[in-house]
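These are the residues of each chain, in order.
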Amino acid sequence: MDMPQIIQETGNSLAIFIIVIETMVLAILVLGGLYYFKFRHKTRTESTPSIPPALPIHSLDELAALSAQRDESTPLNVSLGDGEYKTDRCTAINKPFRLFGAGAVSTKIIATNEQPALRIENAKNCLVSNVRIEGAIHCTRAELTLENCHIVANQQGICIEADEGSIVTFSGLMRGEGGIAIRARGESQVILKPPYAISGEDYVVIDPKSEIQFGKNHLHPNPPMEQA
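Parameters and conventions
- Residues numbered from 1 in each chain as written.
- Predicted model: local features only at pLDDT ≥ 70, side-chain atom pairs only at ≥ 80, totals over all residues.
- Heavy atoms only, no water.
- Helix = DSSP H or I, 4+ residues; strand = E, 2+ residues; numbered from the N terminus.
- Polar contact = N/O pair within 3.5 Å; in protein donor to acceptor, adjacent residues only side chain to side chain.
- Contact = heavy atoms within 4.5 Å.
- Core = buried A, V, L, I, M, F, W, Y, C linked by side-chain atoms within 4.5 Å.
- Buried < 20%, exposed > 50% of the residue type's maximum accessible area, 1.4 Å probe, protein only.
- Salt bridge = Lys/Arg side-chain N within 4 Å of Asp/Glu carboxyl O.

Engineer: Please explain the side chain of Ser188 as it appears in this structure.
Structural biologist: Secondary-structure assignment places Ser188 in the loop between strand 14 (180–184) and strand 15 (189–198). Here Ala162 takes part through its backbone oxygen, which lies 3.4 Å from a polar atom of the side chain of Ser188. A distance of 3.5 Å separates the side chain of Ser188 from the backbone oxygen of Asp163, its partner in a polar contact. Apart from residues lying up to four places away in sequence, Ser188 is in contact with Ala162, Asp163, Glu164, Gly165, Ser166, Lys209, Ser210 and Glu211.

Engineer: Teacher, can you tell me more about the nonpolar core here?
Structural biologist: The biggest cluster of nonpolar side chains holds 44 residues, and the ones touching the most others in it are Val128, Leu146 and Met174. Other than its neighbours up to four places away in sequence, Met174 contacts Ile151, Cys159, Ile160, Ala181, Ile182, Leu192, Ala197, Ile198, Ser199 and Asp202.

Engineer: Mind showing me how you'd approach the side chain of Asp163 here?
Structural biologist: Residue position: Asp163 is located in strand 12 (residues 158–163). Ignoring any residue separated from it by four or fewer positions in sequence, one finds Asp163 in contact with His138, Cys139, Thr140, Arg141, Arg185 and Ser188.

Engineer: What should I look at first to understand the pattern of salt bridges in this one?
Structural biologist: A side chain of one charge can pair with a side chain of the opposite charge if their charged atoms are brought near each other. Tallied over the entire structure, the rule returns 7 salt bridges. Between Asp88 and Arg89 there is a salt bridge, with the nearest N and O atoms lying 3.7 Å from each other. Accessibility expressed as a relative area gives 51% for Asp88, which makes it exposed. The exposure class assigned to Arg89 is partly exposed, which follows from its relative accessible area of 43%. Between Arg183 and Glu161 there is a salt bridge, with its nearest N and O atoms 2.8 Å apart. Placement of the pair is Arg183 in strand 14 and Glu161 in strand 12, with a sequence separation of 22 residues.

Here it is, written out as structure tokens:
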């Protein structure tokens, strides 16, 4: 075998070696990419907690009892169907919960005395959605979202009362029967998110350290405000 033939074979071997290396590198990159996206998807799935389906309940007493049994790290998800749910005492909640009604016209929570219909204390991540509430909602050191709700004041003439650093977000309809629609005290905050409407005969009362935010809304003019 002469010298030119040896050089030619060596060149072919080098070319084959380069192709093999490039193929291995490409395979490593592809496998690494697949592993990265699989790990990223798994991490997102594990970091996003699943929300269990709402458990049907039949009274506010049942809501209070189930809430008392829950761990604070996992909100209680419950639903109220069509109908009137009357209570002659205030339903007190101190754990996170989500209450879903069938609609602000068909699901009604009615307080039959002068006490608030719901009292939420020391609880965050609370939600009441698609419910009509006849009676006050009192929050103390709590965070509550009222979504698409219709609130009608009872004899006290107060719809939402936020105390001691509470944060309440509201959308829907509110009628204080010519009294106080919202009262915020003790560095509390009430956020009105469109769409919302408040009776023009009602007042909003806040102390100097509290705040009420009126989102841009076209359903009704904002009510008059008074300093507590």
